Amino acid sequence: MASRAIFVFPPFRLDAANEQLWRDSNLVGLRPKTFEVLLYLVQNAQRLVTKRELLDSVWAGASVSDELLRGYIRGLRDALGDDAKKPRYIETVPTRGYRFLPSVNDDSSVQTPPSELKPAKAPRELRVGILHSLTGTMASTESPVVDATLLAIEEINERGGIVGREIQPVVIDGASDERAFARQAAALIAEAKVCAIFGCWTSASRKSVLPIVEQRDHLLIYPTQYEGMEQCSNIFYTGAAPNQQIIPAVSWTVGFLRKKRFFLVGWNSVYSRAANAIIRDEVEASGGEIVGEEYVLPDSTEVTRVVRTIAQTEPDLIFNSLVGDMNLFYTRLLRAAGITPEKIPTVYFSVGEIELQSLSAREIVGDYAAWNYFQSLDRPENHAFVKRFRSRYGRQRVVADTMEAGYSGVHLWAQAAHAADPDDVAAVRRALPNQSFEAPGGRVRIDPENQHTWKTMRLGRIIEDGQFEIMWSTEKPIRPEPYPGSRSPAAWNEFLNKLYETWGGNWTKSQSAISRVDHSHSTE
(Lines give C-alpha, C1' and ligand atoms only; values in the text may rest on other atoms or scores of the structure.)
Protein backbone atom coordinates (compact mmCIF):
# COMPACT_ATOMS: atom_id res chain seq x y z
CA MET A 1 0.00 0.00 0.00
CA ALA A 2 1.20 3.47 -0.80
CA SER A 3 -0.15 4.97 2.40
CA ARG A 4 1.98 5.04 5.56
CA ALA A 5 -1.04 5.63 7.82
CA ILE A 6 -1.98 3.58 10.83
CA PHE A 7 -5.72 3.78 11.45
CA VAL A 8 -6.98 3.23 15.00
CA PHE A 9 -10.52 2.25 15.98
CA PRO A 10 -10.15 0.59 19.40
CA PRO A 11 -9.49 -2.20 20.05
CA PHE A 12 -8.26 -2.45 16.43
CA ARG A 13 -5.27 -0.90 14.70
CA LEU A 14 -4.96 -1.12 10.92
CA ASP A 15 -1.41 -0.83 9.56
CA ALA A 16 -1.78 0.20 5.89
CA ALA A 17 1.94 0.06 5.13
CA ASN A 18 2.33 -3.54 6.25
CA GLU A 19 -1.20 -4.68 5.36
CA GLN A 20 -1.93 -5.85 8.90
CA LEU A 21 -4.88 -5.65 11.26
CA TRP A 22 -4.17 -5.84 14.99
CA ARG A 23 -6.63 -6.36 17.83
CA ASP A 24 -4.74 -5.05 20.85
CA SER A 25 -1.50 -7.07 20.65
CA ASN A 26 -2.92 -9.88 18.51
CA LEU A 27 -2.55 -10.04 14.73
CA VAL A 28 -5.85 -10.73 12.95
CA GLY A 29 -5.43 -12.91 9.87
CA LEU A 30 -6.96 -11.35 6.75
CA ARG A 31 -6.58 -12.33 3.12
CA PRO A 32 -5.13 -9.64 0.82
CA LYS A 33 -8.40 -8.66 -0.88
CA THR A 34 -10.28 -8.75 2.41
CA PHE A 35 -7.71 -6.33 3.82
CA GLU A 36 -8.14 -4.02 0.81
CA VAL A 37 -11.92 -3.93 1.31
CA LEU A 38 -11.47 -3.07 4.99
CA LEU A 39 -8.86 -0.41 4.26
CA TYR A 40 -11.13 1.36 1.78
CA LEU A 41 -14.03 1.34 4.22
CA VAL A 42 -11.81 2.62 7.04
CA GLN A 43 -10.38 5.38 4.84
CA ASN A 44 -13.95 6.47 4.13
CA ALA A 45 -15.33 5.93 7.62
CA GLN A 46 -18.80 7.17 8.56
CA ARG A 47 -19.95 7.82 5.00
CA LEU A 48 -21.89 5.60 2.61
CA VAL A 49 -19.60 3.71 0.26
CA THR A 50 -21.63 2.37 -2.64
CA LYS A 51 -21.11 -1.18 -3.83
CA ARG A 52 -20.02 0.09 -7.25
CA GLU A 53 -17.46 2.44 -5.67
CA LEU A 54 -16.04 -0.35 -3.53
CA LEU A 55 -15.84 -2.83 -6.42
CA ASP A 56 -14.18 -0.27 -8.70
CA SER A 57 -11.64 0.68 -6.05
CA VAL A 58 -10.60 -2.79 -4.89
CA TRP A 59 -10.93 -4.71 -8.16
CA ALA A 60 -9.72 -1.91 -10.43
CA GLY A 61 -12.37 -2.20 -13.12
CA ALA A 62 -12.53 -5.99 -13.31
CA SER A 63 -16.05 -7.38 -13.78
CA VAL A 64 -16.96 -8.60 -10.30
CA SER A 65 -20.41 -9.36 -8.92
CA ASP A 66 -22.19 -8.06 -5.81
CA GLU A 67 -22.28 -11.62 -4.46
CA LEU A 68 -18.50 -11.78 -4.29
CA LEU A 69 -18.43 -8.47 -2.40
CA ARG A 70 -21.02 -9.73 0.08
CA GLY A 71 -18.75 -12.71 0.77
CA TYR A 72 -15.85 -10.41 1.70
CA ILE A 73 -18.10 -8.30 3.92
CA ARG A 74 -19.19 -11.47 5.74
CA GLY A 75 -15.53 -12.40 6.19
CA LEU A 76 -14.74 -8.97 7.62
CA ARG A 77 -17.62 -9.16 10.07
CA ASP A 78 -16.33 -12.53 11.26
CA ALA A 79 -12.82 -11.11 11.74
CA LEU A 80 -14.10 -8.05 13.60
CA GLY A 81 -16.62 -9.98 15.70
CA ASP A 82 -19.41 -7.88 14.20
CA ASP A 83 -23.12 -8.65 13.89
CA ALA A 84 -24.92 -7.74 10.66
CA LYS A 85 -28.21 -7.23 12.53
CA LYS A 86 -26.67 -5.03 15.24
CA PRO A 87 -23.51 -3.72 13.59
CA ARG A 88 -20.78 -1.95 15.51
CA TYR A 89 -18.33 -1.74 12.60
CA ILE A 90 -19.92 -2.38 9.18
CA GLU A 91 -23.48 -1.32 8.44
CA THR A 92 -25.23 -2.60 5.31
CA VAL A 93 -27.33 0.04 3.57
CA PRO A 94 -29.81 -2.13 1.62
CA THR A 95 -29.41 -2.07 -2.20
CA ARG A 96 -26.83 0.75 -1.92
CA GLY A 97 -23.64 -0.16 -0.11
CA TYR A 98 -21.85 -0.11 3.25
CA ARG A 99 -20.87 2.34 5.99
CA PHE A 100 -17.94 1.91 8.38
CA LEU A 101 -19.41 3.13 11.67
CA PRO A 102 -16.56 3.89 14.15
CA SER A 103 -14.66 7.14 14.12
CA VAL A 104 -11.11 6.46 12.99
CA ASN A 105 -7.87 8.16 14.06
CA ASP A 106 -5.05 8.43 11.54
CA ASP A 107 -2.15 7.64 13.84
CA SER A 108 0.64 7.97 11.26
CA SER A 109 3.13 8.99 13.91
CA VAL A 110 2.95 5.58 15.57
CA GLN A 111 6.04 3.57 14.78
CA THR A 112 5.50 -0.03 13.82
CA PRO A 113 7.51 -2.28 16.19
CA PRO A 114 10.19 -4.33 14.42
CA SER A 115 8.44 -7.53 15.54
CA GLU A 116 5.34 -6.46 13.61
CA LEU A 117 7.03 -5.75 10.28
CA LYS A 118 5.49 -7.62 7.39
CA PRO A 119 7.57 -10.47 5.95
CA ALA A 120 8.37 -10.69 2.27
CA LYS A 121 5.20 -10.45 0.16
CA ALA A 122 3.60 -13.81 -0.61
CA PRO A 123 3.25 -14.95 -4.20
CA ARG A 124 0.42 -13.29 -6.08
CA GLU A 125 -3.12 -14.62 -5.98
CA LEU A 126 -4.42 -17.22 -8.41
CA ARG A 127 -7.61 -16.02 -10.07
CA VAL A 128 -10.43 -18.37 -11.09
CA GLY A 129 -13.78 -17.46 -12.62
CA ILE A 130 -17.17 -18.52 -11.31
CA LEU A 131 -19.80 -18.04 -14.02
CA HIS A 132 -23.40 -18.72 -13.03
CA SER A 133 -26.78 -16.97 -13.20
CA LEU A 134 -27.32 -14.66 -10.23
CA THR A 135 -30.34 -13.02 -11.86
CA GLY A 136 -33.15 -14.23 -14.12
CA THR A 137 -35.05 -17.51 -14.37
CA MET A 138 -32.09 -19.68 -13.34
CA ALA A 139 -30.87 -17.57 -10.41
CA SER A 140 -32.55 -19.59 -7.66
CA THR A 141 -31.04 -22.79 -9.04
CA GLU A 142 -27.56 -21.52 -9.93
CA SER A 143 -26.75 -19.13 -7.06
CA PRO A 144 -26.38 -22.01 -4.56
CA VAL A 145 -23.82 -23.61 -6.89
CA VAL A 146 -21.76 -20.43 -6.51
CA ASP A 147 -21.89 -20.85 -2.73
CA ALA A 148 -20.70 -24.47 -2.91
CA THR A 149 -17.90 -23.50 -5.31
CA LEU A 150 -16.77 -20.71 -2.98
CA LEU A 151 -16.84 -23.13 -0.03
CA ALA A 152 -14.41 -25.45 -1.83
CA ILE A 153 -12.14 -22.51 -2.65
CA GLU A 154 -12.16 -21.41 1.00
CA GLU A 155 -11.26 -24.93 2.13
CA ILE A 156 -8.31 -25.05 -0.25
CA ASN A 157 -7.14 -21.57 0.77
CA GLU A 158 -7.31 -22.55 4.44
CA ARG A 159 -4.90 -25.39 3.65
CA GLY A 160 -2.44 -23.01 2.02
CA GLY A 161 -3.95 -22.48 -1.41
CA ILE A 162 -2.23 -23.77 -4.53
CA VAL A 163 1.54 -24.03 -3.97
CA GLY A 164 1.25 -21.26 -1.39
CA ARG A 165 -0.92 -19.00 -3.53
CA GLU A 166 -4.40 -17.94 -2.48
CA ILE A 167 -7.21 -18.73 -4.92
CA GLN A 168 -9.07 -15.53 -5.72
CA PRO A 169 -12.61 -16.14 -7.08
CA VAL A 170 -14.06 -13.72 -9.62
CA VAL A 171 -17.83 -14.24 -9.60
CA ILE A 172 -19.75 -13.16 -12.70
CA ASP A 173 -23.48 -13.16 -13.48
CA GLY A 174 -24.59 -15.08 -16.58
CA ALA A 175 -28.07 -13.55 -16.14
CA SER A 176 -29.89 -16.70 -17.39
CA ASP A 177 -28.95 -15.73 -20.96
CA GLU A 178 -26.73 -17.85 -23.20
CA ARG A 179 -25.33 -14.77 -24.99
CA ALA A 180 -24.42 -13.17 -21.66
CA PHE A 181 -22.57 -16.34 -20.66
CA ALA A 182 -20.45 -16.13 -23.82
CA ARG A 183 -19.63 -12.46 -23.22
CA GLN A 184 -18.77 -13.01 -19.57
CA ALA A 185 -16.58 -16.04 -20.29
CA ALA A 186 -14.58 -13.96 -22.77
CA ALA A 187 -14.22 -11.19 -20.19
CA LEU A 188 -13.07 -13.60 -17.48
CA ILE A 189 -10.30 -14.89 -19.73
CA ALA A 190 -9.22 -11.63 -21.41
CA GLU A 191 -9.76 -9.08 -18.63
CA ALA A 192 -9.83 -10.89 -15.29
CA LYS A 193 -7.01 -13.24 -16.43
CA VAL A 194 -8.49 -16.28 -14.70
CA CYS A 195 -6.74 -19.64 -15.02
CA ALA A 196 -9.98 -21.69 -14.99
CA ILE A 197 -13.73 -21.11 -15.19
CA PHE A 198 -16.17 -23.02 -12.99
CA GLY A 199 -19.68 -22.64 -14.20
CA CYS A 200 -22.68 -22.84 -16.52
CA TRP A 201 -25.81 -24.76 -15.61
CA THR A 202 -27.99 -25.03 -18.71
CA SER A 203 -26.66 -26.75 -21.80
CA ALA A 204 -27.43 -23.61 -23.79
CA SER A 205 -25.03 -21.61 -21.61
CA ARG A 206 -22.35 -24.30 -21.83
CA LYS A 207 -22.62 -24.56 -25.60
CA SER A 208 -22.32 -20.78 -25.86
CA VAL A 209 -19.15 -20.80 -23.74
CA LEU A 210 -17.63 -23.81 -25.55
CA PRO A 211 -16.31 -21.89 -28.59
CA ILE A 212 -14.90 -19.21 -26.29
CA VAL A 213 -12.77 -21.66 -24.29
CA GLU A 214 -11.80 -23.47 -27.50
CA GLN A 215 -10.67 -20.33 -29.30
CA ARG A 216 -8.63 -19.18 -26.30
CA ASP A 217 -7.43 -22.71 -25.46
CA HIS A 218 -8.76 -22.28 -21.94
CA LEU A 219 -10.58 -24.44 -19.35
CA LEU A 220 -14.21 -24.78 -18.25
CA ILE A 221 -15.26 -27.17 -15.47
CA TYR A 222 -18.97 -27.85 -15.91
CA PRO A 223 -20.94 -29.20 -12.90
CA THR A 224 -24.37 -30.10 -14.29
CA GLN A 225 -25.96 -33.34 -15.45
CA TYR A 226 -26.68 -32.96 -19.15
CA GLU A 227 -27.75 -34.59 -22.42
CA GLY A 228 -24.26 -35.66 -23.51
CA MET A 229 -23.50 -35.71 -27.24
CA GLU A 230 -20.38 -33.63 -26.64
CA GLN A 231 -16.65 -33.96 -26.04
CA CYS A 232 -14.46 -30.89 -25.89
CA SER A 233 -10.79 -30.96 -24.91
CA ASN A 234 -11.26 -27.62 -23.10
CA ILE A 235 -14.17 -28.79 -20.90
CA PHE A 236 -14.23 -31.23 -17.99
CA TYR A 237 -17.68 -32.49 -17.03
CA THR A 238 -18.34 -33.26 -13.35
CA GLY A 239 -22.12 -33.74 -13.75
CA ALA A 240 -23.79 -36.86 -15.11
CA ALA A 241 -23.64 -38.09 -18.69
CA PRO A 242 -26.89 -39.64 -20.05
CA ASN A 243 -25.88 -43.19 -19.08
CA GLN A 244 -25.39 -41.98 -15.49
CA GLN A 245 -28.84 -40.38 -15.09
CA ILE A 246 -31.39 -40.36 -17.93
CA ILE A 247 -30.97 -43.90 -19.27
CA PRO A 248 -30.89 -45.70 -15.87
CA ALA A 249 -33.97 -43.70 -14.78
CA VAL A 250 -35.94 -44.89 -17.80
CA SER A 251 -34.85 -48.48 -17.16
CA TRP A 252 -35.93 -48.17 -13.50
CA THR A 253 -39.40 -46.84 -14.30
CA VAL A 254 -39.98 -49.63 -16.84
CA GLY A 255 -38.45 -52.43 -14.79
CA PHE A 256 -39.37 -51.46 -11.20
CA LEU A 257 -42.46 -49.25 -11.52
CA ARG A 258 -43.76 -51.30 -14.50
CA LYS A 259 -44.77 -48.18 -16.46
CA LYS A 260 -45.43 -48.39 -20.21
CA ARG A 261 -47.05 -45.12 -21.36
CA PHE A 262 -45.01 -41.95 -20.91
CA PHE A 263 -45.49 -38.20 -21.39
CA LEU A 264 -42.49 -35.90 -21.92
CA VAL A 265 -42.48 -32.30 -20.66
CA GLY A 266 -39.55 -30.00 -21.30
CA TRP A 267 -38.58 -26.51 -22.33
CA ASN A 268 -37.50 -25.39 -25.77
CA SER A 269 -33.80 -25.87 -25.23
CA VAL A 270 -31.12 -28.18 -26.51
CA TYR A 271 -31.14 -30.05 -23.18
CA SER A 272 -34.84 -30.97 -23.12
CA ARG A 273 -34.99 -31.76 -26.85
CA ALA A 274 -31.94 -34.02 -26.68
CA ALA A 275 -32.89 -35.62 -23.35
CA ASN A 276 -36.34 -36.45 -24.69
CA ALA A 277 -34.85 -37.95 -27.85
CA ILE A 278 -32.77 -40.24 -25.62
CA ILE A 279 -35.81 -41.13 -23.52
CA ARG A 280 -37.87 -41.87 -26.66
CA ASP A 281 -35.19 -44.23 -27.94
CA GLU A 282 -34.98 -46.06 -24.62
CA VAL A 283 -38.75 -46.31 -24.09
CA GLU A 284 -39.42 -47.59 -27.58
CA ALA A 285 -36.57 -50.11 -27.30
CA SER A 286 -38.20 -51.45 -24.12
CA GLY A 287 -41.61 -51.87 -25.76
CA GLY A 288 -43.12 -48.77 -24.16
CA GLU A 289 -44.89 -45.82 -25.77
CA ILE A 290 -44.49 -42.04 -25.74
CA VAL A 291 -48.07 -40.76 -25.69
CA GLY A 292 -47.26 -37.05 -25.65
CA GLU A 293 -44.39 -34.57 -25.82
CA GLU A 294 -44.69 -30.87 -25.04
CA TYR A 295 -42.30 -27.92 -24.64
CA VAL A 296 -42.74 -24.60 -22.85
CA LEU A 297 -40.70 -21.41 -22.54
CA PRO A 298 -39.94 -19.59 -19.27
CA ASP A 299 -42.55 -16.94 -20.15
CA SER A 300 -45.09 -19.38 -21.54
CA THR A 301 -48.77 -18.45 -21.10
CA GLU A 302 -50.00 -21.77 -22.48
CA VAL A 303 -48.91 -24.12 -19.69
CA THR A 304 -52.61 -24.68 -19.00
CA ARG A 305 -52.95 -26.29 -22.42
CA VAL A 306 -50.04 -28.64 -21.70
CA VAL A 307 -51.57 -29.71 -18.39
CA ARG A 308 -54.94 -30.25 -20.10
CA THR A 309 -53.26 -32.45 -22.71
CA ILE A 310 -51.63 -34.56 -19.98
CA ALA A 311 -54.99 -35.01 -18.25
CA GLN A 312 -56.63 -36.09 -21.49
CA THR A 313 -53.80 -38.45 -22.45
CA GLU A 314 -53.63 -40.16 -19.03
CA PRO A 315 -50.04 -41.46 -19.23
CA ASP A 316 -48.59 -43.87 -16.68
CA LEU A 317 -45.74 -41.49 -15.84
CA ILE A 318 -44.34 -38.05 -16.78
CA PHE A 319 -40.67 -37.43 -17.50
CA ASN A 320 -39.95 -33.77 -16.64
CA SER A 321 -36.85 -31.92 -17.89
CA LEU A 322 -37.99 -28.38 -17.06
CA VAL A 323 -35.43 -26.26 -15.20
CA GLY A 324 -35.45 -23.45 -12.66
CA ASP A 325 -38.58 -21.41 -11.95
CA MET A 326 -40.47 -22.96 -14.88
CA ASN A 327 -41.37 -25.91 -12.65
CA LEU A 328 -43.29 -23.80 -10.13
CA PHE A 329 -46.21 -22.63 -12.27
CA TYR A 330 -46.37 -25.90 -14.20
CA THR A 331 -46.47 -28.13 -11.10
CA ARG A 332 -49.13 -26.04 -9.39
CA LEU A 333 -51.37 -26.19 -12.46
CA LEU A 334 -50.76 -29.93 -12.64
CA ARG A 335 -52.04 -30.38 -9.09
CA ALA A 336 -54.96 -28.01 -9.67
CA ALA A 337 -55.99 -30.29 -12.51
CA GLY A 338 -56.06 -33.24 -10.12
CA ILE A 339 -52.92 -34.86 -11.50
CA THR A 340 -51.18 -36.12 -8.34
CA PRO A 341 -48.20 -38.47 -7.79
CA GLU A 342 -50.63 -41.20 -6.77
CA LYS A 343 -52.42 -40.98 -10.12
CA ILE A 344 -49.61 -40.04 -12.50
CA PRO A 345 -46.14 -39.82 -10.92
CA THR A 346 -43.36 -37.67 -12.33
CA VAL A 347 -39.65 -38.38 -12.65
CA TYR A 348 -37.70 -35.11 -12.56
CA PHE A 349 -34.29 -34.67 -14.16
CA SER A 350 -33.63 -31.11 -12.97
CA VAL A 351 -35.52 -30.75 -9.68
CA GLY A 352 -33.58 -31.29 -6.49
CA GLU A 353 -33.48 -30.07 -2.89
CA ILE A 354 -33.18 -26.40 -3.92
CA GLU A 355 -36.29 -26.42 -6.10
CA LEU A 356 -38.26 -28.32 -3.45
CA GLN A 357 -37.92 -25.31 -1.15
CA SER A 358 -40.10 -23.31 -3.57
CA LEU A 359 -42.70 -26.04 -4.01
CA SER A 360 -45.14 -27.08 -1.32
CA ALA A 361 -44.21 -30.49 0.05
CA ARG A 362 -47.83 -31.58 -0.28
CA GLU A 363 -47.68 -30.87 -4.02
CA ILE A 364 -44.84 -33.21 -4.84
CA VAL A 365 -44.50 -35.91 -2.15
CA GLY A 366 -44.37 -39.23 -3.97
CA ASP A 367 -42.76 -37.98 -7.16
CA TYR A 368 -39.23 -39.04 -8.09
CA ALA A 369 -35.94 -37.46 -9.16
CA ALA A 370 -32.88 -38.98 -10.81
CA TRP A 371 -29.52 -37.65 -9.61
CA ASN A 372 -26.07 -38.79 -8.53
CA TYR A 373 -26.24 -37.06 -5.15
CA PHE A 374 -28.91 -36.37 -2.53
CA GLN A 375 -28.46 -34.43 0.71
CA SER A 376 -30.01 -37.36 2.59
CA LEU A 377 -27.18 -39.70 1.56
CA ASP A 378 -25.85 -41.48 4.65
CA ARG A 379 -22.07 -41.18 4.30
CA PRO A 380 -19.63 -39.65 6.81
CA GLU A 381 -18.15 -37.49 4.03
CA ASN A 382 -21.61 -36.19 3.17
CA HIS A 383 -22.56 -35.45 6.78
CA ALA A 384 -19.35 -33.44 7.15
CA PHE A 385 -19.99 -31.59 3.86
CA VAL A 386 -23.54 -30.62 4.81
CA LYS A 387 -22.35 -29.48 8.23
CA ARG A 388 -19.58 -27.30 6.75
CA PHE A 389 -21.93 -25.79 4.19
CA ARG A 390 -24.57 -24.92 6.78
CA SER A 391 -21.99 -23.57 9.18
CA ARG A 392 -20.84 -21.23 6.41
CA TYR A 393 -24.20 -20.21 4.91
CA GLY A 394 -26.91 -20.95 7.50
CA ARG A 395 -28.68 -23.92 9.08
CA GLN A 396 -31.73 -23.46 6.86
CA ARG A 397 -29.77 -24.06 3.65
CA VAL A 398 -29.91 -27.27 1.63
CA VAL A 399 -27.40 -28.85 -0.73
CA ALA A 400 -28.13 -30.56 -4.03
CA ASP A 401 -26.50 -32.53 -6.83
CA THR A 402 -25.04 -29.74 -8.96
CA MET A 403 -23.72 -28.01 -5.85
CA GLU A 404 -21.88 -31.19 -4.86
CA ALA A 405 -20.53 -31.57 -8.40
CA GLY A 406 -19.40 -27.93 -8.43
CA TYR A 407 -17.71 -28.37 -5.05
CA SER A 408 -15.96 -31.56 -6.20
CA GLY A 409 -14.87 -29.96 -9.45
CA VAL A 410 -12.89 -27.31 -7.58
CA HIS A 411 -11.06 -29.96 -5.56
CA LEU A 412 -10.29 -32.02 -8.67
CA TRP A 413 -8.93 -28.91 -10.39
CA ALA A 414 -6.87 -27.97 -7.32
CA GLN A 415 -5.23 -31.41 -7.28
CA ALA A 416 -4.31 -31.02 -10.95
CA ALA A 417 -3.05 -27.46 -10.35
CA HIS A 418 -0.82 -28.72 -7.53
CA ALA A 419 0.62 -31.34 -9.88
CA ALA A 420 1.23 -28.83 -12.70
CA ASP A 421 2.01 -25.14 -13.10
CA PRO A 422 -1.30 -23.55 -12.02
CA ASP A 423 -0.76 -20.66 -14.46
CA ASP A 424 -0.32 -23.06 -17.37
CA VAL A 425 -3.90 -23.88 -18.38
CA ALA A 426 -2.81 -26.57 -20.84
CA ALA A 427 -0.64 -28.25 -18.20
CA VAL A 428 -3.54 -28.32 -15.74
CA ARG A 429 -5.78 -29.83 -18.41
CA ARG A 430 -3.21 -32.55 -18.98
CA ALA A 431 -3.07 -33.26 -15.24
CA LEU A 432 -6.86 -33.46 -14.74
CA PRO A 433 -7.54 -36.87 -16.35
CA ASN A 434 -7.49 -39.66 -13.77
CA GLN A 435 -7.70 -37.22 -10.85
CA SER A 436 -9.98 -38.69 -8.19
CA PHE A 437 -11.66 -37.22 -5.11
CA GLU A 438 -13.64 -38.62 -2.19
CA ALA A 439 -16.70 -36.46 -2.84
CA PRO A 440 -19.69 -36.19 -0.48
CA GLY A 441 -21.63 -38.48 -2.82
CA GLY A 442 -18.85 -41.03 -3.22
CA ARG A 443 -15.50 -41.34 -4.94
CA VAL A 444 -15.38 -39.67 -8.34
CA ARG A 445 -12.65 -39.63 -10.96
CA ILE A 446 -12.09 -38.05 -14.35
CA ASP A 447 -12.16 -40.46 -17.26
CA PRO A 448 -8.99 -39.90 -19.33
CA GLU A 449 -10.68 -40.70 -22.64
CA ASN A 450 -13.70 -38.39 -22.56
CA GLN A 451 -13.04 -35.96 -19.65
CA HIS A 452 -16.35 -36.84 -17.98
CA THR A 453 -16.60 -38.13 -14.42
CA TRP A 454 -17.23 -41.65 -13.10
CA LYS A 455 -20.31 -41.28 -10.87
CA THR A 456 -22.83 -43.34 -8.91
CA MET A 457 -26.44 -42.98 -10.06
CA ARG A 458 -29.33 -42.72 -7.58
CA LEU A 459 -33.11 -42.55 -7.81
CA GLY A 460 -34.91 -40.70 -5.00
CA ARG A 461 -38.54 -40.39 -3.92
CA ILE A 462 -39.68 -37.02 -2.57
CA ILE A 463 -40.74 -37.14 1.09
CA GLU A 464 -42.52 -34.65 3.33
CA ASP A 465 -39.50 -32.80 4.71
CA GLY A 466 -38.40 -31.64 1.26
CA GLN A 467 -35.75 -34.32 1.04
CA PHE A 468 -35.40 -37.57 -0.90
CA GLU A 469 -35.68 -41.17 0.18
CA ILE A 470 -33.14 -43.04 -1.94
CA MET A 471 -35.05 -45.85 -3.65
CA TRP A 472 -32.28 -47.29 -5.79
CA SER A 473 -28.63 -46.72 -6.65
CA THR A 474 -25.94 -48.38 -8.71
CA GLU A 475 -23.55 -50.54 -6.74
CA LYS A 476 -20.49 -48.67 -7.95
CA PRO A 477 -19.60 -45.63 -10.08
CA ILE A 478 -20.61 -45.85 -13.74
CA ARG A 479 -18.13 -45.10 -16.49
CA PRO A 480 -19.40 -42.04 -18.40
CA GLU A 481 -20.54 -42.46 -22.02
CA PRO A 482 -21.25 -39.03 -23.55
CA TYR A 483 -22.91 -40.42 -26.68
CA PRO A 484 -25.95 -42.66 -26.02
CA GLY A 485 -25.64 -45.96 -27.84
CA SER A 486 -29.09 -45.82 -29.47
CA ARG A 487 -27.64 -43.74 -32.33
CA SER A 488 -24.21 -43.10 -33.76
CA PRO A 489 -22.24 -40.01 -32.68
CA ALA A 490 -22.65 -38.66 -36.21
CA ALA A 491 -26.43 -39.02 -35.99
CA TRP A 492 -26.56 -37.28 -32.61
CA ASN A 493 -24.39 -34.43 -33.91
CA GLU A 494 -26.69 -34.06 -36.91
CA PHE A 495 -29.68 -33.94 -34.52
CA LEU A 496 -28.06 -31.10 -32.54
CA ASN A 497 -26.94 -29.18 -35.63
CA LYS A 498 -30.49 -29.18 -37.03
CA LEU A 499 -31.83 -27.80 -33.77
CA TYR A 500 -29.22 -25.03 -33.78
CA GLU A 501 -29.97 -24.12 -37.39
CA THR A 502 -33.74 -24.24 -36.88
CA TRP A 503 -33.43 -21.89 -33.91
CA GLY A 504 -31.44 -19.32 -35.87
CA GLY A 505 -28.03 -19.99 -34.34
CA ASN A 506 -29.26 -20.31 -30.74
CA TRP A 507 -29.41 -23.21 -28.29
CA THR A 508 -32.90 -22.27 -27.06
CA LYS A 509 -36.01 -21.50 -29.07
CA SER A 510 -36.95 -17.88 -28.46
CA GLN A 511 -40.02 -17.80 -30.68
CA SER A 512 -43.42 -19.40 -29.92
CA ALA A 513 -44.35 -20.25 -26.36
CA ILE A 514 -45.07 -23.93 -26.95
CA SER A 515 -44.18 -26.24 -29.78
CA ARG A 516 -44.64 -29.90 -30.49
CA VAL A 517 -41.39 -31.56 -31.41
CA ASP A 518 -40.77 -32.40 -35.05
CA HIS A 519 -39.48 -35.95 -35.18
CA SER A 520 -38.79 -35.90 -38.90
CA HIS A 521 -35.06 -35.48 -38.30
CA SER A 522 -34.70 -37.33 -35.01
CA THR A 523 -34.12 -40.86 -36.27
CA GLU A 524 -30.91 -42.20 -37.58
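Scroll up to find the structure.
Bear in mind the structure is a predicted one, so any value in this text is a computation, not a measurement. (Residues numbered from 1 in each chain as written. Predicted model: local features only at pLDDT ≥ 70, side-chain atom pairs only at ≥ 80, totals over all residues. Heavy atoms only, no water.)

Enquirer: I would appreciate a short explanation of the pairing of strand 20 (residues 442–446) in the present structure.
Expert: In regular strands, side chains alternate between the two faces of the sheet. Of the strand pairs in this sheet, strand 19 (residues 436–439) and strand 20 are connected by 4 bridges, and their pairing is antiparallel. The residue bridging Phe 437 from the neighbouring strand is Val 444, located in strand 20. Between strand 19 and strand 20, which pair antiparallel in sequence order, lie 2 residues. Here strand 20 runs beside strand 21 (residues 453–454); their pairing, made up of 2 bridges, is antiparallel. The residue bridging Arg 445 from the neighbouring strand is Trp 454, located in strand 21. In sequence, strand 20 turns back onto strand 21 through a hairpin of 6 residues, with Gln 451 there showing a positive phi of about 65 degrees. (Pairing = 2+ DSSP bridges. Helix = DSSP H or I, 4+ residues; strand = E, 2+ residues; numbered from the N terminus.)

Enquirer: Got a minute to help me understand a nonpolar patch on the surface in this structure?
Expert: On the surface, Phe 256, Met 471 and Trp 472 cluster together to form a nonpolar patch covering roughly 300 Å² of accessible area. Relative to the assigned elements, Phe 256 resides in the loop between helix 7 (246–255) and strand 14 (261–267). The class for Phe 256 is exposed, based on a relative accessible area of 54%. (Patch = residues over 30% accessible without salt bridge, like charges linked within 9 Å, V, L, I, M, F, W, Y side chains within 5 Å. Areas by Shrake-Rupley, 256 points an atom, 1.4 Å probe, with all protein chains shown as cover. Salt bridge = Lys/Arg side-chain N within 4 Å of Asp/Glu carboxyl O. Buried < 20%, exposed > 50% of the residue type's maximum accessible area, 1.4 Å probe, protein only.)

Enquirer: How should the side chain of Gln 245 be read in this particular structure?
Expert: Inspection of the secondary structure puts Gln 245 in the loop between strand 13 (235–237) and helix 7. Dropping the residues within four chain positions of it, Gln 245 is found in contact with Gln 225, Ala 240, Tyr 271, Phe 349, Ala 370, Trp 371 and Met 457. (Contact = heavy atoms within 4.5 Å.)

Enquirer: I'm lost on the sheet that holds strand 7 (residues 97–100) in this one. Help?
Expert: Whenever strands of a sheet pair, they do so through backbone hydrogen bonds, lying parallel or antiparallel. With antiparallel pairing, the 3 strands of this open sheet are ordered in space as 5-7-6. Two strands in the sheet have a free side with no partner beyond their single neighbour: strand 5 (48–50) and strand 6 (90–93). The average undirected angle you get between the axes of adjacent strands in this sheet is 30 degrees. Pairing of strand 5 with strand 7 involves 3 bridges; the strand directions are antiparallel. Looking at strand 7, one finds that Thr 50 is bridged to Gly 97. The strands that helix 2 (residues 51–59) touches are strand 5 and strand 7; relative to strand 5, the one it contacts most, it runs at about 70 degrees. Each of strand 6 and strand 7 is contacted by helix 3 (residues 66–80), which is oriented at about 150 degrees to strand 6, the strand it contacts most. (Axes fitted to C-alpha atoms, helices over the stretch in contact; angles between N-to-C directions.)

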